[in-house]
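Listed here are the chains, written in short residue letters.
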Amino acid sequence: MSVLVLVEHTEGIIKAKNFEAVQYAATIAKQMGITATAVVFGAVADAEMEKLGAYGATKVLHVADKRLDDLHGRAYAAAVTAAAKKEDSNIIITLHDINGRAVAPRVAVQLNAGLVAGALSYPDTEKGFVVKRAVFSGKAFAFVNITSDVKVIMLMPNTFPVAEGSGKATIEKLDVAFADKDFNVKVRSLDKVTGEIPLSDARLVVSGGRGMKGPENWGLIEDLAKELGAATACSRPVADAHWRPHHEHVGQTGGTIRPDLYIAAGISGAIQHLAGVNGSKTIVVINKDPEAPFFKAANYGVVGDVMDVLPRLTEAVKKFKQHK
Amino acid sequence: MKILVCVSQVPDTSTKIILKDNDTAINNQGTTFVLNPYDEWYALVRALELKEAGVASDVHLITVGRADVEPVIRKVLALGGDEAVRIDADSNDSFETAQYIAAYAKEGGYHLILCGKEAIDYNNGTTGVMLAELLDMDFVGFAANIQLEGDTAVITREIEGGEETDACKLPVVIACQKGVAEARIPNMRGIMAARTKPLKVVAPAAVLPLTTIVGYAMPPAKAGVKLIDPTDMDQLVQLLHAEAKVI
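Quick look at the structure, then. (Residues numbered from 1 in each chain as written. Chains lettered and ligands numbered in written order. Predicted model: local features only at pLDDT ≥ 70, side-chain atom pairs only at ≥ 80, totals over all residues.)

**Some remarks on the overall build of chain A**
Consideration 1: Of the regular secondary structure elements, chain A holds nine helices and 17 strands.
Consideration 2: Its C-alpha radius of gyration of 21 Å places chain A within 12% of the 20 Å reference for a compact globule of 324 residues.
Consideration 3: Projecting the C-alpha coordinates of chain A onto the three principal axes gives extents of approximately 60 × 45 × 40 Å.
Consideration 4: Every one of the 324 residues in chain A was classed for burial, and the buried ones make up 55%.
Consideration 5: Partitioning the contacts of chain A with sequence separation of at least 6, the portion at a separation of at least 24 is 65%. (Helix = DSSP H or I, 4+ residues; strand = E, 2+ residues; numbered from the N terminus. Rg over C-alpha atoms; globule rule 2.2 N^0.38 Å. Buried ≥ 20, exposed ≤ 12 C-beta atoms within 10 Å, placed from the backbone. Contact = placed C-beta atoms within 7 Å.)

**Considering unusual backbone geometry**
Consideration 1: B:Pro171 follows B:Leu170 through a cis peptide bond whose omega is 5°.
Consideration 2: Its location among the elements puts B:Pro171 in the loop between strand 11 (162-169) and strand 12 (172-176).
Consideration 3: The backbone of A:Lys213 shows a phi angle near 75°, a positive value even though the residue is not glycine.
Consideration 4: By secondary structure assignment, the location of A:Lys213 is in the loop between strand 13 (204-208) and helix 5 (218-228).
Consideration 5: Look at B:Asn123: it is not a glycine, yet its phi comes out positive at around 50°.
Consideration 6: Checked against the element boundaries, B:Asn123 lands in the loop between strand 8 (112-116) and helix 4 (127-134).
Consideration 7: Judged by C-beta crowding, with 21 C-beta atoms within 10 Å, B:Asn123 ranks as buried.

**Looking at the pairing of strand 1 (residues 2-6) of chain B**
All names here are of chain B.
Consideration 1: Extensive coverage of strand 1 is indicated by the burial of four of its five residues.
Consideration 2: As judged from the five bridges shared by strand 1 and strand 6 (residues 58-64), these two strands associate in the parallel manner. The residue bridging Val-5 from the neighbouring strand is Leu-61, located in strand 6.
Consideration 3: Of the pairings in the sheet, the one linking strand 1 to strand 8 comprises three bridges and is parallel in character. Bridging across to strand 8, Ile-3 finds its partner in Leu-112. (Pairing = 2+ DSSP bridges.)

What follows is the structure, given as C-alpha cells:
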C-alpha cells in the first residue's frame, strides 16, 4: 500500500510545484506508516525522476507512452487509476492546477472516491479525514471530511515550503492498456509561451491596473518584473481595454494566483480583483489614492504616483541585487 | 443539436461571509444570489450564440438546488434558453452534483454540455469533469474559444504555460472561461418570455455523498498595511527581503 502522487513535467523538467506535491504525499504516507509512489507520464529521463526521492517518494511508476506528452485527461486518469490499483493506494494526490483538474475528478469517479479540491492542509485524522480548503474565493475556509475508503486530494500549489532531502527513487515501468477513446481529443495546434514565466507558476508577480493610464506605460511594469524575475499580470479593465492580453487578467473572472509576492500598481482593489489574488503571501499596493480599498488587504502600501514609484522601486531592486 | 448548460446559483461576489451555528454553516440571510458568472457570461451566452447562428436547436439549463434558486434561474432564462431543469437536492459535493446531473442528462441526447470553469462559492472546478466521466464523454477545460465544425467541436484552451487548439467529436463537456463569449444583459422581451418558459423540477437520483463539510473558519485578520515613504523604495526592498522574506 502507498500514497500515490501524480507528477507532471514540462518537456522533461519536473517543476517545483510537483516536488511540493511529492513532499505532501510523502508526509501523509509517513503519518500512516506507508510509502509514497509517484506516477510520471511521457518522455522524461530517469535521472529527473530519481530526483523525486529527495522529496520523499520511494518509487516512481513511469508510463512512458509518448502520446502522454500532451494533456489527454482520459488517458492520464486511466493511467493514474491503473497505478493506484497496482499500488493498492487509498490516497491519491494531484495538484489543483490545469492538469490536476483534468485528471483527479475522473480518477475520483473511477475509484468511487471522495475528493477535496484546493487542499491547504494535511489531513487531520483525529476525527475522520478532514482537509482544510479555501471557499468563497478566499473569503472563508471549509473543513471537508472525506468519508469514502479511497480519497483524492488536489493540493493547492505554493501551500507548503519545499525542502530537498536526499535519496533516490527507484523507477519501474508501468504499461497501461489505453483505449482509443482516451485520445479522442486531438491537438490541432500548440502555442507555448516561451521565455516568460507562466503566471500560474510565478512566485513573484507585478500587476498593473487602470492607474497605469495606458499600454504605453507598461514598460514600467515590465522593467520591474524583469529586475525581480517576476511574471506580469493585470486587472480586468486593463484586459477588457486590450492594453494587455486576456491571459494576464487575474481576478474573479480571470485567473487565480497565489504567489509569494504580488505587487499591484494602480489597481484600486475591487472585491472581484481581490478574489483572484488574496491567496498571495505578501501584497504590495502602489496607488496615489490613499482611500483605495486594496490598501486594506495589503501588507505594504505606497501612496504615490505609479509613474514615479515604479522606476524608483526598479532601481532599488537593482541596487539590492548588486549588494547581495 | 441539443446543448445542456450546467448552472449554479452563488452568493454575489460582494457578499460578506458570516458563519453561524458554531461555525458549521454559512448565514445566508440577506445574501444576494446571482448566477455563477462563469456559467452565465461564458457557457450560457455561447450556447445562445450557437442557437442564434442556427447551429443548436435546443438550449436547456440544469441546476441542482432547492426551490429558493428558482428566481435566479428565471432571471437567466430571460437571456435565452428553451427550458430549465432543477434537480431538487442540496449538494455541497461535486461528485454528488455530477451524479444528479448525469442521471438526468444521460437520457437527454445532448451533443454539447457546457459549464463554467468553476463556481465562485466552492471553487472546485471538478463537477464538469466528473460529469464527463459519468457520461463516458470527452472533456475540455479552461476553454477560451469554442467553434463547431459539423460534428466536431474546435476548442482553444489554456494549458500549462500556453494555449492549445483541440478538435473533439461530439458529444463533449466543455468548461468555459473568459474569451468564450461576452456577458449580456437581458432585454424586456426576454424577461417577459422567461416568465412562461418551462422550469421542470426533477427528483434527485439516489446518491451517497462521499464528503461532508464539518466546519468553516474565517481567515485571520490582516495585520494592517505598513505604509512606506514613496521616495524611499530601498526601505520597501529591505522589508520584502528581511521581513516578508519573499525576495
